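Residue-level listing of the chains:
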Amino acid sequence: MTGKRIKKAYEGIDRTKFYSLQDAVKELKSRAKTKFDETVEIAMNLGIDPKHADQNVRGVVSLPHGTGKTVRVAVFAKGDKAEAAKKAGADIVGADDLAEQIQAGKMDFDRVIATPDMMVTVGKLGKVLGPRGLMPNPKLGTVTNDVAEAVKAAKGGQVEFRAEKAGLVHAGVGKVSFSEADLVANVKAFVSAINKAKPAGAKGTYIKKVSLASTMGPGMKLDVAVLVAAD
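As the structure is a computational prediction, the values presented were derived from the model and not from experiment.

So, the overall build of the protein
Phase 1: Within the protein one finds 9 helices and 9 strands.
Phase 2: A globule of 231 residues ought to have a C-alpha radius of gyration of about 17 Å, and the protein, at 19 Å, matches this closely.
Phase 3: By principal-axis analysis of the C-alpha atoms, the protein measures approximately 55 × 45 × 30 Å.
Phase 4: Looking at the protein as a whole, 44% of its 231 residues are labelled buried.
Phase 5: Once local pairs closer than 6 in sequence are excluded, the contacts in the protein between residues at least 24 apart make up 72%.
Phase 6: Within the structure as shown, the protein displays about 12,200 Å² of accessible surface, and the carbon and sulfur contribution to it stands at 51%.
Phase 7: The averaged location of the 26 negative side-chain charges in the protein is 5 Å from the averaged location of its 37 positive side-chain charges.

Topic: the packing of helix α2 (residues 21-31) against helix α8 (residues 180-196)
Phase 1: At a minimum axis distance of 10 Å, the contact between α2 and α8 shows a crossing angle of 125 degrees. Put simply, α2 runs oblique to α8. The hand of the α2/α8 crossing is right-handed. Side by side, α2 and α8 meet where Leu21, Gln22, Val25, Lys26 and Lys29 of the first sit next to Glu180, Leu183, Val184, Val187 and Lys188 of the second.
Phase 2: A per-class count over the contact of α2 with α8 returns 5 nonpolar, 1 polar and 4 charged.

Here we look at α8
Phase 1: With 17 residues, α8 ought to run about 24 Å at 1.5 Å a step, and its terminal C-alpha atoms sit 24 Å apart, in line with that.
Phase 2: Buried within α8 we find Leu183, Val184, Asn186, Val187, Ala189, Phe190, Val191, Ser192, Ala193 and Ile194.

What to know about the pattern of salt bridges
Phase 1: Taken as a whole and assessed by the stated rule, the structure comprises 7 salt bridges.
Phase 2: The partner of Asp49 in a salt bridge is Lys51, and the shortest N-O contact between them spans 3.9 Å.
Phase 3: A relative accessible area of 73% places Lys51 in the exposed class.
Phase 4: Three or more residues are tied together by salt bridges with common partners; here these are Arg72, Asp91, Asp108 and Lys155.

Some points on the environment of Met216
Phase 1: In this structure, Met216 sits in the loop between β8 (207-214) and β9 (220-221).
Phase 2: For Met216, a relative accessible area of 23% gives the class partly exposed.
Phase 3: Measuring from C-alpha to C-alpha, the distance between Met216 and Met135 comes to 30 Å, with 81 residues separating the pair along the chain.

Some thoughts on the nonpolar core
Phase 1: Judged by nonpolar contacts, the single largest core of 39 residues is most densely connected at Ile42, Met44, Leu46, Phe190 and Leu212.
Phase 2: Listing elements by their share of this core, those giving two or more residues are α2, β1 (39-46), β6 (158-162), β7 (168-175), α8, β8 and α9 (224-229).
Phase 3: Ranked by residue count, the leading element in this core is α8, at 8 residues.
Phase 4: Setting aside residues up to four positions removed in sequence, Phe190 forms contacts with Ile42, Met44, Val61, Leu63, Val159, Phe161, Val169, Ala171 and Val173.
Phase 5: By size, the runner-up hydrophobic cluster in this structure holds 16 residues, among which are Ala95, Leu125, Val128 and Leu134.

Considerations on the pairing of strand β5 (residues 111-114)
Phase 1: Across the two faces of β5 the burial is the same, with Arg111 and Ile113 and Val112 and Ala114 all buried.
Phase 2: For strand β3 (residues 73-76) and β5, the ladder comprises 4 bridges, and the chain directions are parallel. Bridging from a neighbouring strand, Val75 pairs with Ile113 of β5.

Points about the pairing of strand β2 (residues 58-62)
Phase 1: Side chains Gly59 and Val61 of β2 all project onto a buried face; the interleaved residues Arg58, Val60 and Ser62 project onto a face where none is buried.
Phase 2: Pairing geometry for β2 and β6, over 5 bridges, is antiparallel. Counterpart to Gly59 in the pairing with β6 is Phe161.

Topic: the packing of aromatic side chains
Phase 1: A complete count under the given rule lists 1 aromatic pair for this structure.
Phase 2: Here Phe161 and Phe190 contribute two aromatic rings whose centre-to-centre distance is 5.9 Å and whose plane-to-plane angle is 75 degrees, an arrangement assigned as edge-to-face. In this pair, Phe161 is assigned in strand β6 and Phe190 in helix α8, connecting sequence segments 29 residues apart. Neither Phe161 nor Phe190 differs from the other in exposure class; each is buried.
Phase 3: When the ring centre of Phe18 is taken as origin, the NZ or CZ atom of Lys221, which lies over that ring, is 4.8 Å away.

Rules used in this analysis
- Residues numbered from 1 in each chain as written.
- Predicted model: local features only at pLDDT ≥ 70, side-chain atom pairs only at ≥ 80, totals over all residues.
- Heavy atoms only, no water.
- Helix = DSSP H or I, 4+ residues; strand = E, 2+ residues; numbered from the N terminus.
- Rg over C-alpha atoms; globule rule 2.2 N^0.38 Å.
- Buried < 20%, exposed > 50% of the residue type's maximum accessible area, 1.4 Å probe, protein only.
- Contact = heavy atoms within 4.5 Å.
- Areas by Shrake-Rupley, 256 points an atom, 1.4 Å probe, with all protein chains shown as cover.
- Lys, Arg positive; Asp, Glu negative; His and termini not counted.
- Charge placed at Lys NZ, Arg CZ, Asp CG, Glu CD.
- Axes fitted to C-alpha atoms, helices over the stretch in contact; angles between N-to-C directions.
- Parallel < 35°, antiparallel > 145°, perpendicular 65-115°, else oblique.
- Left-handed = near helix turned anticlockwise from the far one by under 90°.
- Nonpolar A, V, L, I, M, F, W, Y, C, P; charged D, E, K, R; others polar.
- Expected span 1.5 Å × (residues − 1).
- Salt bridge = Lys/Arg side-chain N within 4 Å of Asp/Glu carboxyl O.
- Core = buried A, V, L, I, M, F, W, Y, C linked by side-chain atoms within 4.5 Å.
- Pairing = 2+ DSSP bridges.
- Phe/Tyr/Trp six-rings, centres within 6.5 Å; stacked < 30°, edge-to-face > 60°.
- Lys NZ or Arg CZ within 6 Å of the ring centre and 35° of its normal.

These figures capture arrangement, not role.
As structure tokens, this is what we get:
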């Protein structure tokens with residue numbers, strides 16, 4: 001964002017104030033003036049050190065009203081499982097042929113799901129898929145025999161989250177075109193999932209800061225105490 005645009009975006013916004021979730025959503029929606037449907041993003045600063053294994057925060061959450069984003073799903077499966085994935089709406093289904101496409105740099109998808117028997121093949125793609133956060137993982141439900149359910153979940157608004165180096169978690173929780181009620185419900189679901197994912201090694205204040213912003217809009221600090229109490 002340019003300096004002028006940032007200045008305009010923050011007009012009338014009190015940057016020292018902590019907003020209620022409802023007020024922040026109302027402000028974001030009223031200020032969205034771009035020609036495209038902006039994404040509403042949440043950023044949460046957690047009191048953790050992800051370098052320690054017992055302080056990792058990672059998981060998935062199904063947002064009640066979806067993300068508003070079209071998610072392209074690739075599935076590694078054979079036979080009946082491949083057919084089930086196709087019927088469930090997977091965009092790309094394959095086995096060794098799909099692995100070859102990925103090795104060649106062709107990755108037109110946002111999520112990868114695999115059946116357990118395909119993990120020998122998928123494991124060889126770790127250097128390609130890993131850095132992009134696309135490696136299937138049993139804990140996230142992306143290594144499963146129930147590929148149909150996993151595809152439906154990915155397409156239906158399931159969001160993966162993972163704490164980064166400084167303990168920051170961020171994700172898209174909807175579009176500015178969503179109703180206020182739907183955005184509020186999605187944010188609450190996301191915060192609740194982060195709260196439940198509190199690692200055993202986390203000491204002191206767990207959720208330190210929470211802010212909400214749209215793609216081109218201002219970031220607004222949320223009142224953490226009220227937000228967490230409502231969980």
